[in-house]
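Inside the fold
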Amino acid sequence: MSENLADRFDQLSQLLVEGAEFWQPVPFKTEQLAWQKNYRPLWQALQRVGDEQLQRFEDDPEQAESWLAAWLPVTAIQQLSGIPATGQTAVSLPSTWGDHMPGRKWQQVCAFVSGVTIASPSHVLEWCAGKGHLARTISRLHQVSVTALEWQASLCEEGERLSRSQNTSVTAVTQDVLADSVCQHLQADSHVLALHACGDLHRRLIALATPEKMQRITLAPCCYHLTEQPVYQPLSRRGQQICADLQLWISREQLRLAVQETVTAPAYVRRQRRQASIWRLAFDLLRQTLQQDSQYLSMPSIPYGQLPAAFADFCLQQAEQLGCSIPGQTDFHHWLQQGEVRYRQVRLAEVVRHLYRRPLEVWLVLDRALALEEQGFSVALSTFCARELTPRNIVLSAHRP
Ligand SMILES: C[S@@+](CC[C@H](N)C(=O)[O-])C[C@H]1O[C@@H](n2cnc3c(N)ncnc32)[C@H](O)[C@@H]1O
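Looking at an unreviewed UniProt entry, one finds the protein chain named Methyltransferase domain-containing protein, with Pokkaliibacter plantistimulans as its source organism.

And the structure:
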């Protein structure tokens, strides 16, 4: 096992345990967090943060301002969560190869393939391929046949159509990667590529990575919280041991922190999210008063673009779902203002929580890297693009020496 990865994993485990009170509770759902009392000067200092500074924190939580170091291990956080760039020169591909791909996806694919080495011979597969954009690009770049595994038949059909029209050697296969039948596609010289395979989908890939089934893996994981397990189960033996020793238990909801970033969301989406958050908080404060309750109550989120036009309508809609009634004389304006005040407090608390976002993500990636090392792979970690292109920019490159 490489000392490097294992040491870093151990240090990050310690950091996450020591800072658990800062990142484990979810500020949106808890009005008074323990650290706000235990670290009162920190909480008071945050109250003085202006809107512009707050926006800077949110845009780039890793570039924590140095005054936070008086209370939080800012330097260790930055050192332990840094991952170097791939180090490969970006390949320049004909722009027509990006036809039928959304612009951002094409840029991600270009960046991802720049760091991929295809050994010869190898049997190349894309895991959870969608329309096979990555598969087609790899096939053209390296003149190899690629099997693209995807469970949605409609995406496979579209993938096949694109492959034919672009004359690439890609076979789209409708396959649930969680099913046993996926093994028929794996063999000793398989090189599996996975770009943004979510939680259990990439866990499955790692679980299957035996010598008879895989030689190489190039994986950019994402959505760690999309998992069946309510509490995080480390993939590596080292992770299992350290979590047991340090009593580090991470719930599915806490795992969400690792992917909570709005850096790539357009301004109108951010505005709508902000409004939805304020309304939810405001409604909950009203509900708590009406129902004489002091706990936040989670309500199903409203799909994008389906928020009612006015706050009062939103409250009536939510109240109806809960079966509670809102008195006719309710001063909605007052509750909206309360929601705005509460929203600012949530954002301030998130400044601290989000300092731990990248360390948690890197810790999760290291657990995957160590699991692969334990299965005999040699593993390198790098970032394949800037976070503005996709915040899920860490790639694990693993091969059997
Ligand atoms: C986040 S998308 C990534 C798609 C593609 N790799 C890309 O980067 O454009 C995840 C893909 O996994 C597919 N998927 C979800 N569950 C799956 C399963 N059990 N087996 C195979 N594919 C699955 C989805 O349909 C979706 O196309």
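1. Thoughts on the domain arrangement of the protein chain
Here the protein chain is described as being made up of domain 1 (23-61 + 264-355) and domain 2 (95-245 + 357-399). Averaged C-alpha coordinates put domain 1 and domain 2 at centres separated by 36 Å. Taken together, the two surfaces of domain 1 and domain 2 that pack against each other cover about 520 Å², and 52% of this comes from carbon and sulfur. Remark: the boundary between domain 1 and domain 2 carries two residue pairs in polar contact (both at pLDDT 80 or more). When the residues that make up the side of domain 1 that touches domain 2 are grouped by side-chain class, the tally is three nonpolar, two polar and three charged.

2. Brief notes about the pattern of salt bridges
In total, this model carries 14 salt bridges according to the counting rule given. For the salt bridge of Glu 253 with Lys 29, the shortest nitrogen-to-oxygen distance reads 2.7 Å. Of this pair, Glu 253 sits in helix H12 (residues 252-255) while Lys 29 sits in the loop between helix H2 (20-23) and helix H3 (34-38), and the two are 224 residues apart along the sequence. Close ionic contact of Arg 353 with Glu 350 constitutes a salt bridge, the shortest N to O distance being 3.9 Å. Of this pair, Arg 353 and Glu 350 both sit in helix H15 (residues 332-355), three residues apart, roughly one helical turn. For Arg 353, a relative accessible area of 1% translates into the label buried. In the salt-bridge network here, residues are joined through shared partners; they are Arg 357, Arg 358, Glu 361 and Arg 392.

3. Quick look at unusual backbone geometry
The residue after Ser 120, namely Pro 121, is reached through a cis peptide bond having omega 0°. Phi is positive for Gln 143, which is not a glycine, with a value near 55°. You will see that Gln 292, though not glycine, has its phi angle at about 50°, which is positive. Here Gln 292 shows up in the loop between helix H13 (267-291) and helix H14 (311-322). For Gln 292, a relative accessible area of 76% corresponds to the exposed category.

4. A word on the site of the ligand
Not every one of the 16 residues close to the ligand is listed here, only the nearest: Lys 105, Cys 128, Glu 150, Asp 176 and Leu 195. Glu 126 places a polar side-chain atom, nitrogen or oxygen, 3.4 Å from a nitrogen atom of the ligand. One of the backbone nitrogen or oxygen atoms of Trp 151 is found 3.3 Å away from a nitrogen atom of the ligand. In the complex, the protein chains occlude 82% of the 600 Å² of accessible area that the ligand would expose alone. Among the residues forming the shell around the ligand, the class breakdown is eight nonpolar, four polar and four charged.

5. A word on the packing of aromatic side chains
Each aromatic ring pair is specified by the distance between its two centres and by the angle formed by the two planes. Under the counting rule described, the total for this entry stands at 14 aromatic pairs. Here a set of aromatic residues connected by ring pairs shows up, and it is made of Phe 22, Trp 35, Tyr 39, Trp 43 and Tyr 356. Here Arg 400 stacks its cationic end above the ring of Phe 377, 4.1 Å away from the centre of that ring.

Calculation rules
- Residues numbered from 1 in each chain as written.
- Predicted model: local features only at pLDDT ≥ 70, side-chain atom pairs only at ≥ 80, totals over all residues.
- Heavy atoms only, no water.
- Domains from an automatic or database assignment.
- Buried area = accessible area lost by both parts, 1.4 Å probe.
- Polar contact = N/O pair within 3.5 Å; in protein donor to acceptor, adjacent residues only side chain to side chain.
- Nonpolar A, V, L, I, M, F, W, Y, C, P; charged D, E, K, R; others polar.
- Salt bridge = Lys/Arg side-chain N within 4 Å of Asp/Glu carboxyl O.
- Helix = DSSP H or I, 4+ residues; strand = E, 2+ residues; numbered from the N terminus.
- Buried < 20%, exposed > 50% of the residue type's maximum accessible area, 1.4 Å probe, protein only.
- Near = heavy atom within 4 Å.
- Areas by Shrake-Rupley, 256 points an atom, 1.4 Å probe, with all protein chains shown as cover.
- Phe/Tyr/Trp six-rings, centres within 6.5 Å; stacked < 30°, edge-to-face > 60°.
- Lys NZ or Arg CZ within 6 Å of the ring centre and 35° of its normal.

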